[in-house]
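Observations on the three-dimensional arrangement
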Amino acid sequence: MTERTVSPREGDAEAIELTLGGDRDAYRVLVERHSASVFRLAFRLTGNRHDAEEVVQEAFLRAYQKLEQFEARANFGTWVYRIAANYAIDRTRKKRIEEARRKEPSMREAESAENSAMNLVPDKQPSPERLAQNVELRKQLELALNTLTQAERTAFVMRHWEGCGIEEIAVTLNSNTSAAKNTVFRAVKKLRNFLAPLVSQMAGARAMGTES
Amino acid sequence: MTHLSEEELIAFRECEGRENAAIAEHLQECAQCRAEFTQLDTELTAVFAALDTLAVPDPGREYGQRVWQQIASQLQSKSQPSLQGAHGDEQVKWWRTFFVARRVAAFAGLSALVVMAFLAGRGVKDHRVPDTSNAANLREKVLLLAVGEHLGRSEMMLTELSNTETKKGGAKLIDIFAEQKRAEDLLTENRLYRETALEQGDARIANVLDELERVLLDVAHSPGEVTGGQLQGIRERIDAGGILFKLRVVGADVEERQRATPTDSANLHNDRKKV
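Nothing here was measured: the structure is a model prediction, and the numbers come from that model.

Description of the overall build of chain A
A count of helices and strands for chain A gives nine helices and zero strands. Mapped from its N terminus to its C terminus, chain A presents α and β elements in the order α-α-α-α-α-α-α-α-α. Sequence-distant contacts, at least 24 apart, represent 59% of the contacts inside chain A between residues at least 6 apart.

Overview of the overall build of chain B
Summing up its helical and strand segments, chain B has eleven helices and two strands in all. For chain B, the succession of helices and strands along the chain, N to C, is α-α-α-α-α-α-β-α-α-β-α-α-α. Residues classed as buried in chain B amount to 27% of the 275 residues present.

Details of the packing of helix H2 (residues 27-46) of chain A against helix H4 (residues 63-72) of chain B
Between H2 of chain A and H4 of chain B, the least distance of the axes is 8 Å, while the angle of their chain directions is 115°. Note that H2 of chain A runs across H4 of chain B; the crossing there is right-handed. Judged by residue contacts, Arg-28, Val-31, Glu-32, Arg-33, Ser-35, Ala-36 and Phe-39 of chain A of H2 of chain A engage Tyr-63, Gly-64, Gln-65, Val-67 and Trp-68 of chain B from H4 of chain B.

Here's the deal with the nonpolar core
Soluble globular proteins: nonpolar side chains tend toward being buried together. Ranked by size, the top nonpolar core spans 67 residues in total, and within it Ala-42, Val-56, Ala-59, Phe-60 and Ala-84 of chain A carry the most contacts. Once residues within four sequence positions are removed from consideration, Val-56 of chain A is found in contact with Ser-35, Val-38, Phe-39, Ala-42 and Ala-84 of chain A together with Val-67 of chain B.

What about unusual backbone geometry?
Glycine aside, negative phi is the norm for most residues, and most peptide bonds take the trans geometry. Residues and elements named next belong to chain A. Even without a glycine there, the phi angle at Asn-174 is positive, about 55°. Residue placement: Asn-174 occurs in the loop between helix H8 (166-172) and helix H9 (177-211). By C-beta crowding, Asn-174 is classed as partly exposed, having 14 other C-beta atoms within 10 Å.

Let's talk about the packing of H2 of chain A against helix H3 (residues 49-65) of chain A
Residue and element names in this part refer to chain A. Where H2 meets H3, the closest approach of the two axes is 8 Å, and the angle between their N-to-C directions is 140°. With respect to H3, the element H2 is oriented oblique. Our pair here, H2 against H3, has a crossing hand that is right-handed. Contacts between H2 and H3 pair Tyr-27, Val-31, Ser-35, Val-38, Phe-39, Ala-42, Phe-43 and Thr-46 from the former with Arg-49, Asp-51, Ala-52, Val-55, Val-56, Ala-59, Phe-60 and Tyr-64 from the latter. Split by residue class, the contact of H2 with H3 holds twelve nonpolar, two polar and two charged.

Considering the interface of chain A and chain B
Taken together, the contacts link 46 residues of chain A with 38 residues of chain B. Of all the secondary structure elements, the ones that give two or more residues to the side of chain A that touches chain B are helix H1 (12-20), H2, H3, helix H4 (76-102), helix H6 (127-146), helix H7 (150-161) and H9 of chain A. Broken down by element, the residue count for the side of chain A that touches chain B peaks at twelve residues, all from H9 of chain A. Here the side of chain A that touches chain B is built from residues that sort into 22 nonpolar, eight polar and 16 charged.

Here's the deal with the environment of Phe-37 of chain B
The residue Phe-37 of chain B is located in helix H3 (residues 31-52) in this model. Take Phe-37 of chain B: there are 21 C-beta atoms within 10 Å of it, and that puts it in the buried class.

Conventions used here
- Positions within a chain are numbered from 1, following the residues in the order the chain's sequence is written.
- Note on labels: chains are lettered from A, ligands numbered from 1, in written order.
- Given that this is a predicted model, residues contribute local features only at a pLDDT of at least 70 and side-chain atom pairs are listed and counted only at 80 or more, while totals for whole chains, interfaces and linings are drawn from all residues.
- To qualify as a helix, a DSSP run of H or I must reach at least 4 residues; to qualify as a strand, a run of E must reach at least 2; elements of each kind are numbered from the N terminus.
- Our contact criterion uses C-beta atoms placed from the backbone: two residues qualify when those atoms are within 7 Å.
- Here a residue counts as buried when 20 or more other C-beta atoms fall within 10 Å of its C-beta, as exposed when 12 or fewer do, and as partly exposed in between; the C-beta atoms come from the backbone.
- Axis lines are fitted through C-alpha atoms, for helices just across the contact stretch, and the angle between N-to-C directions can take any value from 0 to 180 degrees.
- Take the far helix as your reference; a near helix turned counterclockwise from it by less than a right angle gives a left-handed crossing, and one turned clockwise gives a right-handed crossing.
- In this usage, the nonpolar core is the set of buried Ala, Val, Leu, Ile, Met, Phe, Trp, Tyr and Cys residues whose C-beta atoms join them within 7 Å.
- Angular relationships are summarised with four words: roughly parallel below 35 degrees, roughly antiparallel beyond 145, roughly perpendicular across 65 to 115, and oblique for the angles in between.
- When residues are sorted by character, Ala, Val, Leu, Ile, Met, Phe, Trp, Tyr, Cys and Pro go into the nonpolar class, Asp, Glu, Lys and Arg into the charged class, and all the rest, Gly among them, into the polar class.

Dropping the structure here:
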């Protein structure tokens, strides 16, 4: 009896068929092919590498468990993406609840004041300050993303960074296209309100720094 | 003339839709909306450009292989006769649970070692050290520390489970797989702490751990995905014995006893490190 192997070039559909037929190692093709893109999504959703890697592992484990439910004509990449996004949403929601319980309101206020855009270092300063400002900008950008609900963040990440269609976002969020569109709108509006003044302030300061 | 709202302008810029043609037409005709859209477009271009500077780290070329290595041992072949059919998921879950349990057992074993090392050390040290009061206090403090942490984590998991949202309509299954796994982890530790508390003659802690064990067993043995009704049943069983209240009371008591137990904290940390 010859051992059946699956080359990386074989399509997802064939790998799924082989996996369902009992060739567990055929699933490896799917994992190796889609891990990097799922990681990218997971990182955007969670904001850190450790959580992102956990989301990737869990997504592939869950996908394996539910592989019988996968519709042959669907796209495995999109499907595992959705599983990852759902798990990330769920996981982040629980983490936020835990964190909220641990933090005192006064601490949250202090943190918020500390992170306020008003505390930015003026831009026309030498490089150490500039570096600090870049760090601060990054902090503000992350803070802006953290103001989104997990559904808004998922919708924004999928739309802006992953180029997903509204229908795909709607399926991931378990909603309809109109609600998904609305979620994208809310996310963009929040990011605009939070970041537009900051970005314009920094651009202005940079322009002055260049001139001087 | 009705002007376009911010929502419509953002939707026009960000989303595909049948109404986009009408919006484009309106923008051609209305200078005010056009100016607003230009402003929006400039701002969003700058905002998104800034957001694009948030780089995603490269997981590396071998990342897919690493993920496979991490999960492969948890995947059971779908072809084995015992795993086929409706119970396939449960079998895979059981297999995963086995590996999770091994990890947990290692952790619980480590925690238990902290406690057991102190308990075992009691007999040895009694022969060598005339004054054992500080050592005894230290042992008690380690047990209290471990149990206090365990009670806190159990309370957190059960509170989360009690607060899990039930989707309206009730038809959709609710994923409690994460809580179920945590309950399994906690269960292994719980047994060790309960036995230790009994050996130490601490009936109060042993009793609450005994009650907690039954609740944890209930959660650990639930399906990973439950209906709204099943979740409600679990909640009711959690509420029925007032376990959350008991955990809080005993947890506070344990904390108080920890504070009241005089020990040399440096020794405590050193001894924990050794274990």
